[in-house]
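# Descriptive analysis of the structure
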Amino acid sequence: MTLQVNDMRTKTGKAATISDTKLNQLFKLISVGNHAKRNQTIIALSHYLALRAKEMAALRISDITDAQGSLHSVLRLQAAYTKGNKHRDLPLTNLRLRKYLQGWIEYRQEIDGTVFNSDAPLFRSQKGLAFTANSMARMINNLYKANGFAGCSSHSGRRSVITKLANKGVSLHKIKILAGHANVQTTLSYIDTNPDELAEIMKVL
């Protein structure tokens, strides 16, 4: 079954955004399988921190947790991880995101055992290797497709976060910083316009 998300890709070429309700459905759909914990954590980072596929592929365990397994309060994305080659700090304050991150770290400690290495890649592919930017994007795209989310891609999380923040009245300058954009015009291009919301606005003019 194909879920009805706000599929703007077919009209604009941009990745579809996902509502909170559909996101909850996605988390449930991907909660089974050999890579369930990994996949849920990746989707959480995409939809709660607006991380790019390239950035998630580059993350190390030590970027998320200290040597004792306690989560950091802030994720510092190293300049080498980012598209613009500039570091940015992202607070790890979202409780749902922290739950997925903590669960993934505990799982990694369990399966890695005595060879657990905090400098190892945070995520590994089905072959046990570190993801590349392309393989991470492809995996996320396939995850959406396999679960019926038409028009979604690895950029759907970023677009959804930016749109949600804009709809909440967060300033474009702050959103730009969180997204790691060089200018506000790029941030504006990520904001999804919902025709139903525009219709409601026009009613009260």
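These lines cover the structure that appears in this document, whether it is placed above or below. These numbers come from a predicted model, not from an experiment.

## Examining the pattern of salt bridges
If you walk through the whole model with that rule in mind, you get 4 salt bridges. Residue Arg52 pairs with Glu55 through a salt bridge whose shortest N-O separation is 2.7 Å. Just as Arg52 is buried, Glu55 falls in that class too. Its salt-bridge partner being Glu55, residue Arg88 comes within 2.8 Å of it at the nearest N-O pair. Note that Arg88 is positioned in strand 2 (residues 88–91) and Glu55 in helix 4 (residues 53–58), a separation of 33 residues in sequence. Overall, Arg88 belongs to the buried group, its relative accessible area being 7%. Classification of Glu55 by relative accessible area gives buried; the value is 0%. Connected via shared salt-bridge partners are Arg52, Glu55 and Arg88.

## Some remarks on the side chain of Thr17
Within the secondary structure, Thr17 is located in the loop between helix 1 (9–12) and helix 2 (20–29). Only 2.5 Å separates the side chain of Thr17 from the side chain of Asp192, close enough to count as a polar contact.

## Overview of helix 2
Of the residues making up helix 2, those classed as buried are Lys22, Leu23, Leu26 and Phe27. Buried positions in helix 2, seen along its axis, are confined to an arc of 145° and lie on one side of it. Away from its buried face, by an angle of more than 90 degrees, helix 2 presents the exposed residues Thr21 and Lys28.

## What to know about the packing of helix 2 against helix 3 (residues 36–49)
The contact between helix 2 and helix 3 brings their axes to 10 Å, and the two run at 165°. One way to sum up the angle between helix 2 and helix 3 is to call them roughly antiparallel. Of the two elements, helix 2 crosses helix 3, and the hand of that crossing is right-handed. When helix 2 is examined against helix 3, the residues Leu23, Leu26 and Phe27 are found in contact with a partner set consisting of Gln40, Ile43, Ala44, His47 and Tyr48. Of the residues that constitute the contact of helix 2 with helix 3, the class distribution is 6 nonpolar, 2 polar and no charged.

## Side note on the side chain of His47
Its place among the elements puts His47 in helix 3. Overall, the relative accessible area of 4% leaves His47 in the buried class. Within the local environment of His47, its side chain forms a polar contact with the side chain of Tyr144, the two groups lying 2.9 Å apart. Discounting chain neighbours no more than four positions away, the residues touching His47 are Ile18, Leu23, Tyr144, Ser156, Gly157, Ser160 and Val161.

## Details of helix 6 (residues 95–112)
If you check helix 6, its first and last C-alpha atoms are 25 Å apart, about what 18 residues at 1.5 Å a residue would give, namely 26 Å. Taken residue by residue, helix 6 has Leu97, Tyr100, Leu101, Trp104, Ile105, Arg108 and Asp112 as its buried positions. Buried residues of helix 6 fall within an arc of 130° about the axis and therefore sit on the same side. Facing away from the buried side of helix 6, by more than 90 degrees, are the exposed residues Leu95, Lys99 and Glu110. Against helix 2, helix 3 and helix 5 (61–64) lie the buried residues of helix 6. Structurally, the start of helix 6 carries an N-cap: the backbone nitrogen of Arg96 is 3.0 Å from a side-chain oxygen of Asn94. Phi turns positive, to about 60°, at Gly113, one or two residues after helix 6.

Reading the values: the criteria
Residues numbered from 1 in each chain as written. Predicted model: local features only at pLDDT ≥ 70, side-chain atom pairs only at ≥ 80, totals over all residues. Heavy atoms only, no water. Salt bridge = Lys/Arg side-chain N within 4 Å of Asp/Glu carboxyl O. Buried < 20%, exposed > 50% of the residue type's maximum accessible area, 1.4 Å probe, protein only. Helix = DSSP H or I, 4+ residues; strand = E, 2+ residues; numbered from the N terminus. Polar contact = N/O pair within 3.5 Å; in protein donor to acceptor, adjacent residues only side chain to side chain. Arc of directions from axis to C-beta. Axes fitted to C-alpha atoms, helices over the stretch in contact; angles between N-to-C directions. Parallel < 35°, antiparallel > 145°, perpendicular 65-115°, else oblique. Left-handed = near helix turned anticlockwise from the far one by under 90°. Contact = heavy atoms within 4.5 Å. Nonpolar A, V, L, I, M, F, W, Y, C, P; charged D, E, K, R; others polar. Expected span 1.5 Å × (residues − 1).

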